[in-house]
Every structure is written in structure tokens, then in C-alpha cells.
Amino acid sequence: MLTRNHRQEALCRAYVQAIAARCGMSSSVPSPDYGIDLTINDIEMRGQRRAESGYKLDVQAKSTTRADKASTAIRYDLDVRAYDTLRHPRPGCPRILVVLLLPAEESQWSTQTEDELILRHCAYWTTLKGMPATTNRRVLRVHIPRANVFSVAALQGMMKRIKEGEEL
């Protein structure tokens, strides 16, 4: 059986993939993983067929039952290696951190009936591009605006900005 942490991360990847699918975008998982958990690919019509447009978004997916949920931000302790990957000032394509918040009790993470599959709580996203280096050795607390819910509308907006050459 997967460890609890691996189960949490798998749920976050599934959450991101479900949002991408709802947007009509594909997702791929790099192998091996060097700090990017998923890449979301924009899909466009080329004549009579669909193809990847070349516009992409890299995602570092994390999950927690212990994030500090303040009124305006989620405070999450991110490991320094992931922070350094995400803060790169000139990545080949934009990178974001997605953090899925889950209930403390694992039995509450999801429920299923014939009519619905419910994954409790939600995920938030932020970009760390250009953030300063840290002297921390293990973890760094990052603040993710609560307004940044990782949703269909949010992902569509991010991809639109990427296509227009704008920063996230």
C-alpha cells in the first residue's frame, strides 16, 4: 500500500488532471521526475485534428492536511528543493505550485456514490518565479492567496495569459 504522503500526492495529481481535462487540455507526467510533477498542455485544432499547441504549464503538486488557512492566504511549508525549482527566474515554460488541502481524517478525503465522486476541500495555486534565494536548509513557508483556487476558470485564465506572453 502507498504511504499516506504518496496517497495525498496522488490525489493532488488527480485533482490537477481532472481540472485540465475539464479545460480540454492534456496532462503528462515526466519520468523521471526532476521537480515537476505534471505538465499541462494546451490543445488546439489544426485543420480536422487536434494537436498540442506548444503552450504548456509545469506543475509541482503538493497535498497537506496541516496547512495554516488564514483569512487571505494558505501558509504552506514547502521543501527548499521544490522552492528552488519553482523560483527559477527563466524557466522554459511557466511553473506553478498547486497545494491540495485535505481533511485531517483520511476517511473524509473522498466519498463516492453512483451520482458523484467528491474530493473534500480544494487546491490553491501560486507562482514563485523570481522569488529570492533562501538560506533555509529544509523548508520555507510560502503564502498562497486564498483567491487562487485551482479551478477550471483559473487554469483557462492562466493558459490564456501564457498564450499572450503575459506573466502568471
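Structural data are supplied above this passage.
Quick summary incoming for the structure in this document. Numbering of residues starts from 1 in each chain and follows the order in which that chain's sequence is written. It should be noted that, the model being predicted, local features are given only for residues of pLDDT at least 70 and side-chain atom pairs only at 80 or more, the latter also being counted only at that level, while totals for whole chains, interfaces and linings use all residues. Only hydrogens and water are set aside when side-chain values are computed; all heavy atoms of the structure are taken into account.

### Structural notes on the overall build of the protein
Counted only if it meets this: By the criteria applied, helices consist of DSSP H or I runs no shorter than four residues and strands consist of E runs no shorter than two, each listed in order from the N terminus. For a compact globule the rule gives 2.2 Å times the number of residues to the power 0.38, and the radius of gyration it is set against comes from C-alpha atoms. Here the term buried applies to any residue with accessible area under 20% of the maximum for its type, exposed to any over 50%, and partly exposed to those in between, with areas from a 1.4 Å probe on protein chains only. Only heavy atoms matter for contacts: two residues are in contact if any of them lie within 4.5 Å across the pair. Every accessible area reported is derived by Shrake-Rupley at a probe size of 1.4 Å, with residue values counting cover from the shown protein chains alone. Counting rule for charge: Lys and Arg are taken as positive, Asp and Glu as negative, and neither His nor the chain ends is counted. Think of each charge as sitting on NZ of Lys, CZ of Arg, CG of Asp or CD of Glu.
Tallying secondary structure elements over the protein gives three helices and ten strands in all. In the protein, the succession of α and β elements from N to C terminus is α-β-β-β-β-β-α-β-β-β-β-β-α. For the protein, whose C-alpha radius of gyration is 16 Å, the value lies close to the compact-globule estimate of 15 Å for 168 residues. Dimensions of the protein, computed from C-alpha atoms along their principal axes, come out at roughly 50 × 50 × 35 Å. Counting every position in the protein, which comprises 168 residues, the buried fraction comes to 38%. In the protein, of all internal contacts separated by at least 6 residues, the share reaching a separation of at least 24 is 62%. In the structure as shown, the protein presents an accessible area of about 10,000 Å², 47% of it carried by carbon and sulfur atoms. A gap of 4 Å separates the mean positions of the 25 positive and 19 negative side-chain charges of the protein.

### Regarding the sheet that holds strand 3 (residues 49–64)
The test is simple: Strands qualify as paired when DSSP identifies two bridges or more between them. Only the contacting stretch of a helix is used when fitting its axis, a line to C-alpha atoms as for every element, and angles between N-to-C directions run 0 to 180 degrees.
As summarised here, the arrangement of the five strands in space is 1-2-3-6-9, forming an open sheet in which the pairing is mixed. If you trace the sheet from one side to the other, it starts and ends with strand 1 (26–28) and strand 9 (123–126), each paired once. Going across the sheet, the axis of each strand differs from the next one's by a mean of 35°, ignoring polarity. Where strand 3 meets strand 6 (residues 95–101), seven bridges bridge the pair, whose relative direction is parallel. The partner of Gln60 across the bridge, within strand 6, is Leu97. The strands touched by helix 1 (residues 4–22) are strand 1, strand 2 (38–46), strand 3, strand 6 and strand 9; relative to strand 3, the strand with the most contacts, the crossing angle is about 150°.

### Thoughts on the nonpolar core
Heads up, the rule is: Definition used in this section: a nonpolar core is a set of buried Ala, Val, Leu, Ile, Met, Phe, Trp, Tyr and Cys residues joined via side-chain atoms within 4.5 Å.
Counting 40 residues, the largest nonpolar core has Ile40, Leu57, Val59, Leu78, Val98, Phe150 and Leu155 as its most contacted members. The leading source of residues in this core is strand 6, at six residues. With sequence-adjacent residues up to four places away left out, Val59 is seen in contact with Val16, Ile36, Asp37, Leu38, Ile40, Ile96 and Val98.

### Details of the side chain of Arg95
What counts is decided by this rule: The salt bridge definition used is simple: a Lys or Arg side-chain nitrogen within 4 Å of an Asp or Glu carboxyl oxygen. Each polar contact in these results corresponds to two N or O atoms within 3.5 Å; when the atoms are within protein, one needs to be able to donate a hydrogen and the other to accept it, and residues that are neighboring in sequence are counted only if both atoms are side-chain atoms.
Structurally, Arg95 can be placed in strand 6. Here Arg95 sits buried without a salt bridge, and the closest side chain of opposite charge, Asp58, lies 4.1 Å off (N-O distance). Within the structure, the side chain of Arg95 is placed 2.7 Å from the backbone oxygen of Thr85, a separation counted as a polar contact. In this structure Arg95 touches Ile36, Leu57, Asp58, Thr85, Leu86, His88 and Thr127, once residues within four positions along its chain are discounted.

### Some details on the state of the cysteines
Worth spelling out the cut-off: Disulfides are defined as cysteine sulfur pairs within 2.5 Å.
Enumeration according to the criterion identifies zero disulfides in this entry. Free of any disulfide, Cys12 has its nearest cysteine sulfur in Cys122, 11 Å distant. Cys12 sits in the buried class, given a relative accessible area of 0%. The thiol of Cys93 is not disulfide-bonded; the next cysteine sulfur, from Cys23, is found 16 Å away.

### As for the packing of aromatic side chains
Stated precisely, the cut-off is as follows: Centre distance within 6.5 Å is the pairing criterion for rings of Phe, Tyr and Trp, where only the six-membered ring of Trp is used; planes under 30 degrees apart are then read as stacked, over 60 as edge-to-face, and the remainder as tilted.
Scanning the model with the defined rule gives one aromatic pair in all. When the ring of Tyr15 is compared with that of Phe150, the centres are 6.5 Å apart and the planes differ by 40°; the resulting orientation is tilted. Of the two residues, Tyr15 is situated in helix 1 and Phe150 in the loop between strand 10 (139–145) and helix 3 (152–163); the sequence distance between them amounts to 135 residues. Summarising the burial analysis for this pair, Tyr15 and Phe150 share the class buried.

### Description of helix 1
Put simply, the rule reads: Expected span, for any helix, means 1.5 Å times one less than how many residues it has. Our arc is simply the arc of the directions from the helix axis toward the C-beta atoms.
The end-to-end C-alpha distance of helix 1, which contains 19 residues, comes to 27 Å, matching closely the 27 Å that a straight helix rising 1.5 Å per residue would cover. Considered for burial, the residues of helix 1 that qualify are Gln8, Cys12, Tyr15, Val16, Ile19 and Ala20. Down the axis of helix 1, the buried side of the element spans an arc of 130°, and every buried residue falls inside it. What points out from helix 1, more than 90 degrees from its buried face, is the exposed set Ala21 and Arg22. Contacts from the buried residues of helix 1 go to strand 2, strand 3, strand 6, strand 8 (117–119), strand 9 and helix 3. In the stretch just after helix 1, Gly24 is the one whose phi turns positive, near 80°.

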